[in-house]
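Next come the chains, spelled out residue by residue.
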Amino acid sequence: DDDDDDDDDDDDGGGDDLVLNELLAKYADDDDDGVEDEDGDLVDWIELYNPTSQDINLNGWGLKDTSLDEPWTIDVDVTVASGGYAIILADDGEESTPDFLHVAFKLSGDGESVELYNPDGDLIDDVDFPGYSNEDEEGSSWARQPNGTGDWSLAEEPTPDAAN
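Here the structure is a predicted model, which is why all the values come from computation and not from measurement.

Definitions and limits used
- Residues numbered from 1 in each chain as written.
- Predicted model: local features only at pLDDT ≥ 70, side-chain atom pairs only at ≥ 80, totals over all residues.
- Heavy atoms only, no water.
- Helix = DSSP H or I, 4+ residues; strand = E, 2+ residues; numbered from the N terminus.
- Contact = heavy atoms within 4.5 Å.
- Areas by Shrake-Rupley, 256 points an atom, 1.4 Å probe, with all protein chains shown as cover.
- Core = buried A, V, L, I, M, F, W, Y, C linked by side-chain atoms within 4.5 Å.
- Buried < 20%, exposed > 50% of the residue type's maximum accessible area, 1.4 Å probe, protein only.
- Pairing = 2+ DSSP bridges.

Colleague: Any chance you could break down the overall build of the chain for me, citing the residues and the numbers?
Modeller: The secondary structure content of the chain amounts to zero helices and 12 strands. When contacts within the chain are restricted to residue pairs at least 6 apart in sequence, those whose partners lie at least 24 apart make up 56%. For the chain, the exposed surface amounts to about 8,900 Å²; the carbon and sulfur share of it is 35%.

Okay, here's the thing in structure tokens:
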């Protein structure tokens, strides 16, 4: 039998592509551990996680929130190592560099959706996150728990560029 010719679906739960893993849509003004841009300003951010066994170059990948009609495309060469992370600054888009990746939108503290697209334009992952319900939640992130695969929930201690 040749029934097993197509057994390389890779549907093993380990992940075949990048995933949206964590985001912070409303930082606390007194956040000592917040993510800063190149000017030292605290900014909203999106964390991508690479659960695959291969390094992935982000050039050509896209991100979109509810304010955009088309995905914003990463236009610099940045590689996310296998098991590694990339932080995207959601600060209404200055020019990206390999050290500071910016998107052309900000995240809404009132909640919205974020979508991740591969270079072929295929939707790979998305999340609809609710807004922050009170000031005590500001500075908390929305994160997959467990890391990379779990459901999204509020995390009081954000973990940018690290496991949730």
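Colleague: Please set out the nonpolar core residue by residue, giving values where relevant.
Modeller: The biggest cluster of nonpolar side chains holds 35 residues, and the ones touching the most others in it are Ile46, Leu48, Leu58, Leu107 and Val114. Every element with two or more residues in this core is listed here: β1 (19–24), β2 (44–49), β7 (85–90), β8 (101–103), β9 (111–117) and β10 (123–130). Looking at which element gives the most residues to this core, the answer is β7, with five residues. Aside from chain neighbours lying at most four places away, what touches Val114 is Leu20, Leu23, Ile46, Leu63, Lys64, Leu107, Asp125, Asp126, Val127 and Phe129.

Colleague: Could you give me a rundown of unusual backbone geometry, with the residues and numbers involved?
Modeller: Note the cis peptide between Gln145 and Pro146, where omega equals 5°. One can find Pro146 in the loop between β11 (141–145) and β12 (151–155). In this structure, Asp161 is a non-glycine residue whose phi angle is positive, near 65°. Here Asp161 is to be found in the segment after β12.

Colleague: Give a detailed account of the pairing of β12, specifying residues and quantitative values.
Modeller: Pairing analysis gives five bridges linking β11 to β12, with the strands arranged antiparallel. When the sheet's bridge partners are listed, Ala143 is paired in β12 with Ser153. What sits between the antiparallel neighbours β11 and β12 is a turn of five residues, in which Gly148 has the positive phi angle 80°.

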